[in-house]
Amino acid sequence: MAARRSPPRERERQRPRDPAAGNDQVHSWTLVTSQALDAAWRVAKGSVTLAVSFLVGTLCYFRRLHLYLGHWLKRWIGYLQRRFKRNLSVEAEVDILSYCAREWKGETPHAKLMRKAYKELFWQRHIKCVRQVRRDNYDALRSVLFQVFSQGLSFPSWMKEKDIAKLPEKLLFSQGCNWIQQYSFGPEKYTGSNVFGKLRKCVELLKTQWTEFSGIKDYHKRGSMCNALFSDAILECKLYEALKFIMLYQVTEAYEQMKTTNVIPSLFRLLFTRETSSDPLSFMMNHLNSVGDTCGLEQIDMFVLGYSLEVKIKVFRLFRFNSRDFEVCYPEESLREWPEVSLLTENDRHYHIPVF
């Protein structure tokens, strides 16, 4: 009897599997997966590289834009500050030791001397701040007049007895000083028949401003008015020329007095012993006319200024530290009741205002 034949599925199960075919199938799936991952990585890498490149490019662009805008913004702010900010010829108070450290950093003997002088002012003279004054050939006059106005000082006694606005005509008609027509207004160097009119306007301005400041009792209000006045270069020059003329008037008065009584303050006697200022005309031509133009006040001129305004001008000459000339007063024989203003100088040419 013939044996029974197995069903097809059973025969298939019983048929032995080929191991090589299974390995090929696994390998093919692994290969496909690997290729898919490589492709995905290349796409992702390209996208990331592109994104990074775009981000770097964007950052560089905005950095350049920031620098460009910052440059133009700085220039624009500087322009607006120059256009609208008051150009103060007497700056705000700054700490005196900070100012010294900024200005005198070197290790030269002179720098060391200046640092010692500033420390002396701070610790021994109780000067805590300094107000920088614009460096030009009016700065001595500016430093003194600023303090006269900011302190609200009153007129000198001799000015109260006379109308100072009429002094230019007085010199011409009463004392025959027709040489006054050679008076020079600092850098303007104006001379001519209209000198008297220009001098009168300058002296009238000084009288008006001085009267206004001396009548204000509030210190802060005077300070605000000083800031406004000492930011107007045109008005400033007129005030300084008025001071120069008042000095010339006092020299002329002392010269006339010397011819009659031979009794004059010693500072004028010293002034007239100089060959370049033996009389009022030579004093004007050789000294006053150059003030504001090519030079400032000399020491003897500071004596005349203090005497004319009836103030004691105390000057700390820092370059003379550790000598008897470190602190000087103009004039030396000032009356005790005269008010005092203080200056400091590093070279006898430019002056700043110490603040106690």
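Coordinates for the structure precede this section.
Residues numbered from 1 in each chain as written. Predicted model: local features only at pLDDT ≥ 70, side-chain atom pairs only at ≥ 80, totals over all residues. Heavy atoms only, no water.

Enquirer: Even after reading the chapter, I still don't get unusual backbone geometry, so can you show me in this structure?
Expert: If a residue is not glycine, its phi is most likely negative; likewise, a peptide bond is most likely trans. For the bond from Y330 to P331, the omega torsion is -10°, close enough to zero to count as cis. If you trace the backbone, P331 turns up in the loop between β4 (327–330) and β5 (340–345). With phi around 70°, N322 is a residue other than glycine that occupies positive phi space. Mapped onto the elements, N322 comes out in the loop between β3 (312–317) and β4. Its identity as a non-glycine residue notwithstanding, D348 has a phi of 65°, on the positive side. (Helix = DSSP H or I, 4+ residues; strand = E, 2+ residues; numbered from the N terminus.)

Enquirer: What should I look at first to understand helix α9 (residues 219–229) in this one?
Expert: Those residues of α9 that sit buried are R222, M225, C226 and L229. Around the axis of α9, the buried residues are gathered within 105° of arc, so they sit on the same side. On its buried side, α9 packs onto α5 (139–150), α8 (195–214) and α10 (233–260). You can read the cap of α9 off the contacts: a side-chain oxygen lies 3.2 Å from the backbone nitrogen of H220, and it is on D218. (Buried < 20%, exposed > 50% of the residue type's maximum accessible area, 1.4 Å probe, protein only. Arc of directions from axis to C-beta. Contact = heavy atoms within 4.5 Å. Polar contact = N/O pair within 3.5 Å; in protein donor to acceptor, adjacent residues only side chain to side chain.)

Enquirer: What's the story with the pattern of salt bridges in this structure? I'm lost.
Expert: Once their charged atoms are close, side chains differing in charge can pair, the charge on each being opposite to the other. In this structure the tally under the stated criterion is 21 salt bridges. E169 is paired through a salt bridge with R200; the nearest N and O atoms lie 3.6 Å apart. Here the residue E169 occupies a position in helix α7 (residues 167–173), and R200 occupies one in helix α8, the gap between them amounting to 31 residues. The salt bridge partner of K244 is E241, with a shortest N-O separation of 3.0 Å. Of the two residues, K244 and E241 both sit in helix α10, three residues apart, roughly one turn of that helix. The pair K244 / E241 is uniform in exposure class, with both members buried. (Salt bridge = Lys/Arg side-chain N within 4 Å of Asp/Glu carboxyl O.)

Enquirer: I would appreciate a short explanation of the layout of surface pockets in the present structure.
Expert: Over the atoms, a rolled probe matching the size of one water molecule traces out where space is still vacant. There is about 340 Å³ of room inside the largest pocket. Among the secondary structure elements, those contributing two or more residues to the lining of the largest pocket are α5, α9 and β6 (351–355). It is α9 that contributes the most residues to the lining of the largest pocket, six residues altogether. Grouping the amino acids of the lining of the largest pocket by side-chain chemistry returns seven nonpolar, seven polar and three charged. (1 Å grid on protein atoms, 1.4 Å probe; cavity = no way out; pocket = protein on both sides within 12 Å on 5 of 7 lines; lining within 4 Å. Points joined across faces, edges and corners; volume = space filled by probe spheres on them. Nonpolar A, V, L, I, M, F, W, Y, C, P; charged D, E, K, R; others polar.)

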